[in-house]
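Here's the letter readout for the chains.
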Amino acid sequence: MMDLHHVKYSRGQFKIQQMVFVLIAIIILFGIVSVFFVSIKFSSLHSDVENQKKEAVLEQVRKMAGTPEFVWTSSGSCAACVDLDKLILLKNRTSYKGFWKDISLLKVSRVYPRYQTEECTLLNYPDCNSITLVKGDNYESYESFVSLCRYDGGIGQTRCEMGKIIMGFEPVK
Amino acid sequence: MKKKKGQEEIMGFVLIVVLIVVVFVIFLGIKLRNPEPAQKQSEIIYQFLESSMEQTTECVLNQNSRNVVMDDLIKECYSNNNVCISGETSCETVEDTMNDILNNTWKVGAEYPYKGYEIKADYFDNSSSQGKGEKVFLISSGNCNRSFDGNSYWIPQFPGSIIVSAKLCA
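Not measured: the values here are computed from a predicted model.

Draft legend 1. Focus on the domain arrangement of chain A. Each assigned domain of chain A is listed here: domain 1 (4–50) and domain 2 (56–169). A separation of 61 Å is found between the C-alpha centroids of domain 1 of chain A and domain 2 of chain A.

Draft legend 2. How the structure looks around the sheet that holds strand 4 (residues 128–135) of chain A. Residue and element names in this part refer to chain A. Taken in spatial order, the six strands line up as 1-5-6-2-4-3 in an open sheet, and their pairing is mixed. Bordering the open sheet on either side are strand 1 (81–83) and strand 3 (117–119), each of which pairs with just one other strand. Sheet twist, expressed as the average angle between the axes of neighbouring strands with direction ignored, equals 30°. By the bridge criterion, seven bridges tie strand 2 (residues 105–112) to strand 6 (residues 157–169) in an arrangement that is antiparallel. Directly across from Arg110, in strand 6, lies its bridge partner Gly163. The strands touched by helix 3 (residues 84–91) within the sheet are strand 1, strand 2, strand 3, strand 4 and strand 5 (140–152), with strand 4 carrying the most contacts at an inclination of about 50°.

Draft legend 3. Looking closely at a negative patch on the surface. Residue and element names in this part refer to chain B. Together, Glu92, Glu95, Asp96 and Asp100 make up a region of like negative charge exposed at the surface. Positionally, Glu92 belongs in helix 4 (residues 90–105). Looking at Glu92, the relative accessible area reads 40%, which means it is partly exposed.

Draft legend 4. Quick look at the interface of chain A and chain B. On the side of chain B, 29 residues touch chain A, which itself brings 35 residues to the contact. Across the interface of chain A and chain B, roughly 2700 Å² is buried in total on both sides, 58% from carbon and sulfur atoms. Joining chain A to chain B, the criterion identifies two salt bridges. Across the pair Arg62(A) and Glu50(B) runs a salt bridge whose closest N-O atoms are separated by 2.4 Å. At the junction of chain A with chain B, the criterion picks out 14 residue pairs in polar contact (both at pLDDT 80 or more). Mapped onto the side of chain A that touches chain B, the elements with two or more residues apiece are helix 1 (11–42), helix 2 (45–63), strand 2, strand 5 and strand 6 of chain A.

Draft legend 5. Up close: empty space enclosed by the protein. Enumeration according to the criterion identifies two cavities of 30 Å³ or more in this entry. Counted as a void, the largest cavity has a volume near 50 Å³. Ile45(B), Phe48(B), Leu102(B), Trp106(B), Tyr117(B), Glu118(B), Ile119(B), Ala166(B), Lys167(B) and Leu168(B) are the residues that line the largest cavity. Listed by contribution, the elements that provide at least two residues to the lining of the largest cavity are helix 2 (43–52), strand 4 (116–124) and strand 7 (160–169) of chain B. Taken together, the residues of the lining of the largest cavity sort by class into eight nonpolar, no polar and two charged. Volume-wise, the second largest cavity comes out at about 30 Å³. Along the walls of the second largest cavity sit Leu84(A), Val108(A), Ser109(A), Arg110(A), Cys120(A), Cys128(A), Asn129(A), Ser130(A), Ile131(A) and Leu148(A), which together make up its complete lining. Per-element accounting of the lining of the second largest cavity gives the leading share, four residues, to strand 4 of chain A. Tallied by class, the residues present in the lining of the second largest cavity amount to six nonpolar, three polar and one charged.

The rules behind the values
Residues numbered from 1 in each chain as written. Chains lettered and ligands numbered in written order. Predicted model: local features only at pLDDT ≥ 70, side-chain atom pairs only at ≥ 80, totals over all residues. Heavy atoms only, no water. Domains from an automatic or database assignment. Pairing = 2+ DSSP bridges. Helix = DSSP H or I, 4+ residues; strand = E, 2+ residues; numbered from the N terminus. Axes fitted to C-alpha atoms, helices over the stretch in contact; angles between N-to-C directions. Contact = heavy atoms within 4.5 Å. Patch = residues over 30% accessible without salt bridge, like charges linked within 9 Å, V, L, I, M, F, W, Y side chains within 5 Å. Areas by Shrake-Rupley, 256 points an atom, 1.4 Å probe, with all protein chains shown as cover. Salt bridge = Lys/Arg side-chain N within 4 Å of Asp/Glu carboxyl O. Lys, Arg positive; Asp, Glu negative; His and termini not counted. Charge placed at Lys NZ, Arg CZ, Asp CG, Glu CD. Buried < 20%, exposed > 50% of the residue type's maximum accessible area, 1.4 Å probe, protein only. Buried area = accessible area lost by both parts, 1.4 Å probe. Polar contact = N/O pair within 3.5 Å; in protein donor to acceptor, adjacent residues only side chain to side chain. 1 Å grid on protein atoms, 1.4 Å probe; cavity = no way out; pocket = protein on both sides within 12 Å on 5 of 7 lines; lining within 4 Å. Points joined across faces, edges and corners; volume = space filled by probe spheres on them. Nonpolar A, V, L, I, M, F, W, Y, C, P; charged D, E, K, R; others polar.

Structural data, given as structure tokens:
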């Protein structure tokens, strides 16, 4: 049997061993640097995913503007135009109570121009800012920009103004 | 003084490590010194642009004519810059209305999440909107040097097009 304690290594073998150690050390160094770099690069990935999810929800919120209850059909093709006259009438319709299931907040709000009165009623319309169709207690809200259009007798034509649809959903537990 | 072979090899190894560290530090320094503004395409900004282009403005160009919609007024601003009945030019009305909309939409400044915004419209001769366009208007507020969310909206204007682009800076 060979005694390993008395094996004589040649100088060449030592050299190869040294080279292997140096190479391993360099690879480990590069590995650490790469891990450091990748961790910095991917640290923003989580927030990017969250942003993309949020944008998808915003797109869904905006699709509400295209539903028959909201859509403005009087002029041309405007996918993001909401009929404000329709909504003020819809607000007082009892037959629409419970129509939008799973939605805790559904509201349209004017961005520009702003008026003194916040919530619209049949008495103050159209000199008001918001029409709330559904309002629950506990929700997480999302907003999408739309155009709020109506017939304006003062100028004898359609008037569209910058607004937003605000939808609230129950937060996921 | 005669150096041992082992010492020379350690020196060589240290030299390699120092070299790698120096290269890494230089790379990191360049990367940190000139941070390219990170741009993200934003759906909400596209929605903002699309909706603001439908805004009915207070500009009436002729007696008995209609109030002009924002995208038509931008075209008017580029092509003729006629004066509205109110006395303002179409370009002035575009800028005023856009400023009012922006002020009502986003609060910007050092104390807010968004530090600034920039919205501009340029006319491009070709459909690809490459190269430098002809300025139609530019509105900016706050500081817009770092990362930003942005998007653009296309308005056809024969023979080219007007691109309205917006940046919201973090």
